[in-house]
Amino acid sequence: GCSEGVDIGMRLEGWLKLADMYYYGIGIAKNYREARECYQKIANQTDNFGVLARVLWQLGEIYHLGLGVERDFKKAAECFERLLVDDRFWGIEQS
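Treat the numbers as computed from the prediction; the structure is a model and nothing was measured.

Describe in detail helix 3 (residues 49-65), supporting the description with residues and values.
Look at helix 3: 24 Å from first C-alpha to last across 17 residues, which is about the 24 Å you get at 1.5 Å a residue. What helix 3 keeps buried is the set Phe49, Leu52, Ala53, Val55, Leu56, Gln58, Leu59, Gly60, Ile62 and Tyr63. Of the residues flanking the start of helix 3, the one acting as N-cap is asparagine 48, its side-chain oxygen 3.0 Å from the backbone nitrogen of glycine 50. Phi turns positive, to about 70 degrees, at glycine 66, one or two residues after helix 3.

Next up, the structure:
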């Protein structure tokens, strides 16, 4: 029902806020490994394109720049490609 959808959305929003806190060091020490784990959890659970696009971008940056992980261009490219192959990125409605 409605409450289940709200609960799932609220949990994802909570993970997103926590990921951003770790990534940017908002109120806590920066911790890119923790941020990556949170962003990955969100990417695996959401179909909301706005949220998905944001977390895939963040994950791509983490791997591309080697933030808290070994630099991994292949994983970075996978994140960016997952975003770019989604028609919603280009404004194409899915039916």
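Give a description of the environment of glycine 9 that names residues and reports values.
Mapped onto the elements, glycine 9 comes out in helix 1 (residues 2-24). Sequence separation between glycine 9 and threonine 46 is 37 residues, and the spatial gap between their C-alpha atoms is 8.8 Å.

Can you explain the packing of aromatic side chains? Please cite residues and give values.
Enumeration over the complete set of coordinates arrives at four aromatic pairs. With a centroid separation of 5.3 Å and an interplanar angle of 75 degrees, the aromatic rings of tyrosine 23 and tyrosine 32 are classed as edge-to-face. Judged by relative accessible area, which is 22%, tyrosine 32 ranks as partly exposed. Pairing tyrosine 23 with tyrosine 39 gives two aromatic rings, centres 6.2 Å apart and planes at 65 degrees, and the pair type is edge-to-face. Residue tyrosine 23 is located in helix 1, and its partner tyrosine 39 is located in helix 2 (residues 32-45); the two are separated by 16 residues in the primary sequence. Counting every residue linked through ring pairs, the aromatic cluster contains Tyr23, Tyr24, Tyr32 and Tyr39.

Cut-offs used in this document
- Residues numbered from 1 in each chain as written.
- Predicted model: local features only at pLDDT ≥ 70, side-chain atom pairs only at ≥ 80, totals over all residues.
- Heavy atoms only, no water.
- Helix = DSSP H or I, 4+ residues; strand = E, 2+ residues; numbered from the N terminus.
- Expected span 1.5 Å × (residues − 1).
- Buried < 20%, exposed > 50% of the residue type's maximum accessible area, 1.4 Å probe, protein only.
- Polar contact = N/O pair within 3.5 Å; in protein donor to acceptor, adjacent residues only side chain to side chain.
- Phe/Tyr/Trp six-rings, centres within 6.5 Å; stacked < 30°, edge-to-face > 60°.

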